[in-house]
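Secondary and tertiary structure notes
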Amino acid sequence: AALLEEARMLILCACHLLTDECEGETPSIPDAVCNACQLGRPSGNDCLTSIVNLIELLRSVAEAQAMKVSAYPKESCLSPLLAKTLIWFFRRWGAAYVLPLSDDYHREGIFARWSTPESASPIISFCATLSLIYFCHWPQEKELQDESTALLLILAKKGPFVRQLMMVSPSFQQIAALHSICASLRHNASQAEIVASMSSFGGHLSVEAVKGYQRLPYSDRARVLTCLVVGCSDMDNDKSNAVLDSCLKAVSNHFWALCEALSNKQAKANDINVQESACLSILLYGGIVCASEMSEPERVSHFITPYLPQLSGLMTYYAADLTICEALLKLFRDYAERYLAMLDRDQCISLFTSSASLLKHYSEQHCKNRVIHKRSEALEGEFEEEQSYQDILCAIQLLIHLGTKDFTDLCNSSKGVETGQITDLIFFGLQQILPLMTQGLLQYPTLCQMYFSLVGFMVETYPEKLCALPFELFSSLLDSLLFGMSHSDSLVSKSSLQGLASLAKEHLKTHALASHLATKGDIIENCSQRLIQEVIFKPIIWDRLEPSGMALLPLAAIDVQKFIGLVSIISQQLGSDDKQQRMHQAFERLIKPQVLAKVPPSL
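Residues numbered from 1 in each chain as written. Predicted model: local features only at pLDDT ≥ 70, side-chain atom pairs only at ≥ 80, totals over all residues. Heavy atoms only, no water.

Structural notes on the packing of helix 20 (residues 390-402) against helix 23 (residues 445-461)
Packed helices, taken two at a time, are described by the angle between their axes plus the distance between the axes. Contact pair helix 20 / helix 23: the axes reach a minimum separation of 9 Å and the direction vectors enclose 25°. Here helix 23 runs roughly parallel to helix 20, going by the angle between their axes. Our pair here, helix 20 against helix 23, has a crossing hand that is left-handed. For the pair helix 20 and helix 23, contact is made by Ile392, Leu393, Ile396, Gln397, Leu399 and Ile400 and by Thr446, Leu447, Met450, Tyr451, Ser453 and Leu454, respectively. When its residues are assigned to classes, the contact of helix 20 with helix 23 shows nine nonpolar, three polar and no charged. (Axes fitted to C-alpha atoms, helices over the stretch in contact; angles between N-to-C directions. Helix = DSSP H or I, 4+ residues; strand = E, 2+ residues; numbered from the N terminus. Parallel < 35°, antiparallel > 145°, perpendicular 65-115°, else oblique. Left-handed = near helix turned anticlockwise from the far one by under 90°. Contact = heavy atoms within 4.5 Å. Nonpolar A, V, L, I, M, F, W, Y, C, P; charged D, E, K, R; others polar.)

Thoughts on helix 8 (residues 160-167)
Within helix 8, the full set of buried residues consists of Val162, Arg163, Leu165, Met166 and Met167. Residues of helix 8 that are buried make contact with helix 6 (117-137), helix 7 (142-156), helix 9 (170-182), helix 12 (218-231) and helix 13 (238-263). (Buried < 20%, exposed > 50% of the residue type's maximum accessible area, 1.4 Å probe, protein only.)

Quick notes on the environment of tryptophan 88
You can see tryptophan 88 is positioned in helix 4 (residues 80-97). Classification of tryptophan 88 by relative accessible area gives buried; the value is 13%. Between the C-alpha atoms of tryptophan 88 and leucine 552, which are 464 residues apart in sequence, the distance is 55 Å. Residue contacts for tryptophan 88: discarding those within four places in its chain leaves Leu12, Cys15, His16 and Glu147.

Side note on the environment of cysteine 527
Within the secondary structure layout, cysteine 527 lies in helix 28 (residues 523-536). The contacts of cysteine 527, once residues within four sequence positions are left out, are Leu478, Leu482, Leu500 and Leu555.

Some details on the nonpolar core
Of all hydrophobic cores here, the largest spans 197 residues; its most connected members are Phe89 and Ile110. The element contributing the most residues to this core is helix 6, with twelve residues. With residues up to four places along the chain from it excluded, the contact list for phenylalanine 89 reads Ile11, Ala14, Cys15, Leu18, Ile55 and Leu58. (Core = buried A, V, L, I, M, F, W, Y, C linked by side-chain atoms within 4.5 Å.)

Some words on unusual backbone geometry
Phi at leucine 99 is positive, roughly 45°, even though this residue is not glycine. In this structure, leucine 99 sits in the loop between helix 4 and helix 5 (110-113). Although it is not a glycine, glutamate 296 sits at a positive phi angle of roughly 55°.

Next comes the structure, spelled out in structure tokens:
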């Protein structure tokens, strides 16, 4: 164990020496390495030779361990952590050194060493082989699978030259074949089902390899599918097109058979095998959606759109199953986030309709039966509890993506979707979410930020629609805004205060809150009082000074006499006469007619 750890530490050092962390940037060879390997320098050739020898040595170590794993996967002396570190090294190294950008092809030294298809092909095939072995023989090593899929994906994203080399790799073709066979195989699939699936696909894969790949967690299988879709996305390559079609059809055929069995009542939704099949299908569709960096990504939307109603329909069966429910919401969220800009009118309408149905069935189940637990005081417990509400977060993010202004502008063309259709969907979805958003749930930072991002945008842009909500929903919305205005997060507080200001201005303009005031007459006074006592008279006012003033002015303008009475009551709680006098003077300046007259024109 000590020897393996020493080897791992040396690999870590080598990786940090030869590569940079290029998250979010185009991977490139560090300048220090380039300068050291310049052939014109006295030691340039020696440095280049040393790096090449080091890479070959690490390849030998990785290959030796992988071969041992394929023969003796349960051998205790083999280290998954060492395997993960090796894969991590080749992921960072391969992204920068293998087939570098075309602008660097003319350069010498380290750039030229792996810049041709002949020199890069063995590296790419080697990486695909490593991933294949670990997929089939160590499927339950989560961190190792994360690195293996990341390695394949970063190679596939390098461009068409690398993708062509991946397609000629026998190991990459075997991974594609394993996916096609296992796309319909649950974790608990019987031996007969495995043999039948292998027979229908053909090929020469071993039963042991199929069983190993079958044991991969569904989420890892989905990430492998993402790699396959991106890697097979070159439309000019007939072989790539054939493999891509095979991968996609394997998913759609199994899902369609599942939907037919459920609709014809040939399968029971609560059967554990049916639930497993549904979960597998949803996650595989999610893997396809995540392949937005493929060549010609419009093909994904053409493939996904016909199945959106059926995917949404699964919520009618599994709204109570949080695993499947969250997977569905995440699928729709990712699809909206990645593909909205490229959808045509019919595809948009299909997405809107399916999303509305999805949220409706989700809300019907969880508004009645969801129990919001008190937040844990421990930070780890807080994170775990917030993760348990990931489905609500996904639903909010879905609405945010559907309601983005850029998409609304895009759809305001002669062939687009009318803005009203988008707005109606967002408000319908918001009505489904509002009953879930209790003050207990708003204690969770990520959920709170996403919720107020959605509500702040909608209240500021369409206040008339929010004023027309049923009283119970409007009351829930208002309570959340009052909660948010004193929140420690300044962005949350500003969104809440801007929302209050928009509602007050809308009432000044159209008397939109008249029906709600008839039900509960002290709404405005309560908002004004809480704003003064919980924000304006507190130390937190300094990072939300302007939005507080912009919210207080229209609230005061709605009924000046009641506001004066409220100020008198609050001033009596200050104690000293000097403070009371200063407060009266300040609010007298605020409610002067020439000041209040400026409120309606600002709408």
